[in-house]
Amino acid sequence: MNPSDLPAEADFRAEVADWMARHLAGRFAPLRHRGGPGDETAHAALRREWEQEMAAGGWIGLGWPRAHGGRELPVALQVAFHEEYARAGGPGRIGHIGETLLAPTLIDFGTPEQQQRFLPGIRAGQVVWCQGYSEPGAGSDLAAIRSRCWLDAGEWHLQGQKVWTSLAHESEWIFVLARSTPGSVGRDGLSFLLVPLAQPGVDIRPIRQLTGEAEFNEVFFDDARCAADCVVGAPGDGWKVAMALLGYERGLSTLGQQMHFSHELQLLVDAARASGADRNPGIRRRIADAWIGLRTLRANALRIFAGGDGAAGPEALTYKYAWSNWHRSLGELAMDVMGTAGDLQAHDDPLRRLQQVFFFSRADTIYAGTNEIQLNIIAERGLGMPRG
Ligand SMILES: Cc1cc2nc3c(=O)[nH]c(=O)nc-3n(C[C@H](O)[C@H](O)[C@H](O)COP(=O)(O)OP(=O)(O)OC[C@H]3O[C@@H](n4cnc5c(N)ncnc54)[C@H](O)[C@@H]3O)c2cc1C
């Protein structure tokens, strides 16, 4: 995109803030600061409508190429959008898996027909997607996948089980990694399928989490079906597609979520002032450290991704490790700031929110690759050390 066509950042921020003030109002007002991690079930139906409101405002697909219905905005303006969105109390997004994971993958690997069929529903905020990678026995070792798929009479058939599938209960479609070459092992012989969830062969069962919410699920496939052309990339070559998507997941896709961290830090500072914990020098130092960490994360996101397409060079390998550990420490600090009040079920909204930060952030260093796996990747791919 020609840089002279881009809005100035200050004008763009003012446009986002103005739109949010006018639209996150009236019937959408209850959504302010709701629905983030640990609060996923809040106002679920209204948050789906909010996706369509966002789409009508042109706020979905900000980084996508224009040729695919996006706005092709540079990372600096995407950061500006997410900061203004968070500042206005924009709710946790239900459509982020489709928008930030599947869409860029389809743009890279999908056929023109797949792009024309699936991108508009995501862009319109109408079709919600979830991710069917993990299985019992295939998490960190994803190549151990045992779900099977086969092509018969013009349809893919799917048999097996996925687990920890975030938002499956809210989704219309799931992208699934399954074994299509009988007898294959490891990364070979896997296919990346696009599967509709509303069919008799699919059973979705919620799993209750530490937060008390059930954001993720088990998904069982018993001869579930999808059309023959719902495979992305060549059959048997799904590992390549799945890894490209993971690159997005460990990269820019969490930008929006991170912009809410400053609101959480502010809640924590307010709680410290209210409880007197801010008189404790140790707590004060940790709050200052958290603030520095947050500024560093922001600067790093701009530095790492500014020139790239969301799945940038080797420094990007550090990104997921850095933000997830920062956030987990923030959760621990929140509990220390709250003291005994944090040990009890909170009815006060800011305290409840801080408790959820603690509970949910335990998961940040697990999903999209655990801490140990991220460090292995940094050592092997980033530093060229031998594979363990
Ligand atoms: C909140 C949340 C949401 C999720 N959402 C989804 C989703 O939508 N879709 C999806 O497909 N999955 C999802 N997941 C699953 C997630 O990707 C897996 O939990 C993750 O990949 C780890 O796999 P596992 O749980 O099987 O743990 P395991 O792989 O069994 O790991 C157990 C422990 O062993 C360590 N370990 C394993 N292998 C190694 C190694 N080679 N070297 C050193 N240490 C190792 C791990 O670091 C970990 O500490 C979600 C998980 C969470 C917590």
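Model, not experiment: these values are computed from the prediction.

Caption draft 1: Molecular detail of the site of the ligand. Surrounding the ligand, one finds 18 residues, the nearest of these being Tyr133, Gly139, Ser140, Thr370 and Glu372. Looking at the shell around the ligand, the elements that each hand over two or more residues are strand S1 (129–132) and helix H12 (371–382). Here the residues of the shell around the ligand sort into 8 nonpolar, 9 polar and 1 charged. Taken domain by domain, the makeup of the shell around the ligand includes at least three residues from each of domain 2 (129–237) and domain 3 (250–382).

Caption draft 2: Main features of helix H3 (residues 75–87). Between the first and last C-alpha of H3 there are 18 Å, a value that for 13 residues agrees with the 18 Å anticipated at 1.5 Å per step. Of all 13 residues that make up H3, 11 are buried, and the element is covered over most of its length. Turning to H3, its buried residues are Val75, Leu77, Gln78, Val79, Ala80, Phe81, His82, Glu83, Glu84, Tyr85 and Ala86. Against helix H1 (9–23), helix H7 (255–259), helix H8 (261–275) and helix H9 (281–305) lie the buried residues of H3. Two residues or fewer after H3 comes Gly89, characterised by a positive phi angle close to 85 degrees.

Caption draft 3: Looking closely at unusual backbone geometry. Positive phi, normally seen in glycine, also occurs at Glu72, with a value near 55 degrees. A tally of 16 C-beta atoms within 10 Å means that Glu72 is categorised as partly exposed. For Asp223, which is not glycine, the phi torsion reads 55 degrees and is therefore positive. The exposure class assigned to Asp223 is exposed, which follows from the 11 C-beta atoms found within 10 Å.

Caption draft 4: Structural detail: the domain arrangement of the protein. As far as domains go, the protein holds domain 1 (8–94), domain 2 (129–237) and domain 3 (250–382). Between the C-alpha centres of domain 2 and domain 3 the distance comes to 30 Å.

Caption draft 5: Summary view of the nonpolar core. The biggest cluster of nonpolar side chains holds 70 residues, and the ones touching the most others in it are Leu158, Ile174, Leu193, Leu194 and Val195. When residues of this core are assigned to their parent elements, the largest contribution, 7 residues, is made by H3. Setting aside residues up to four positions removed in sequence, Leu158 forms contacts with Ser147, Cys149, Val176, Ala178, Leu193, Val195, Phe221 and Ala224. Of all hydrophobic cores here, the second largest spans 17 residues; its members include Ala271, Ile287, Ala290 and Ala363.

Caption draft 6: Quick peek at the packing of H3 against H9. Between H3 and H9, the shortest axis-to-axis distance is 9 Å and the interhelical angle comes to 150 degrees. Relative to H9, the element H3 lies roughly antiparallel. For the pair H3 and H9, the crossing hand works out as right-handed. Mapping the contact onto sequence places Val75, Ala76 and Val79 in H3 and Ala301, Leu302 and Phe305 in H9. In the contact of H3 with H9, the residues fall into 6 nonpolar, no polar and no charged.

Caption draft 7: Representation of the packing of H9 against helix H10 (residues 319–338) in the model. Two elements in contact, H9 and H10, have axes whose closest approach is 10 Å; the angle formed by their N-to-C orientations is 160 degrees. Taken together, the axes of H9 and H10 are roughly antiparallel relative to one another. Crossing of H9 over H10 shows left-handed handedness. Facing Ile283, Arg286, Ala290, Gly293, Leu297, Asn300 and Ile304 of H9, the residues of H10 in contact are Tyr319, Ala322, Trp323, Trp326, Leu330, Leu333, Asp336 and Val337.

Caption draft 8: Spatial organisation of the pairing of strand S4 (residues 173–179). With 7 of its 7 residues buried, S4 lies for the most part within the structure. Burial of the side chains of S4 extends over both faces: Trp173, Phe175, Leu177 and Arg179 are buried on one face and Ile174, Val176 and Ala178 on the other. In the sheet, S1 pairs with S4 via 4 bridges, with the strands oriented parallel. Counted as the bridge partner of Gln131 is Phe175 from S4. As judged from the 7 bridges shared by S4 and strand S5 (residues 190–196), these two strands associate in the antiparallel manner. Paired with Arg179 across the strands is Leu190, a residue of S5.

Reading guide: rules and limits
- Residues numbered from 1 in each chain as written.
- Predicted model: local features only at pLDDT ≥ 70, side-chain atom pairs only at ≥ 80, totals over all residues.
- Near = placed C-beta within 6 Å.
- Helix = DSSP H or I, 4+ residues; strand = E, 2+ residues; numbered from the N terminus.
- Nonpolar A, V, L, I, M, F, W, Y, C, P; charged D, E, K, R; others polar.
- Domains from an automatic or database assignment.
- Expected span 1.5 Å × (residues − 1).
- Buried ≥ 20, exposed ≤ 12 C-beta atoms within 10 Å, placed from the backbone.
- Contact = placed C-beta atoms within 7 Å.
- Core = buried A, V, L, I, M, F, W, Y, C linked by C-beta atoms within 7 Å.
- Axes fitted to C-alpha atoms, helices over the stretch in contact; angles between N-to-C directions.
- Parallel < 35°, antiparallel > 145°, perpendicular 65-115°, else oblique.
- Left-handed = near helix turned anticlockwise from the far one by under 90°.
- Pairing = 2+ DSSP bridges.

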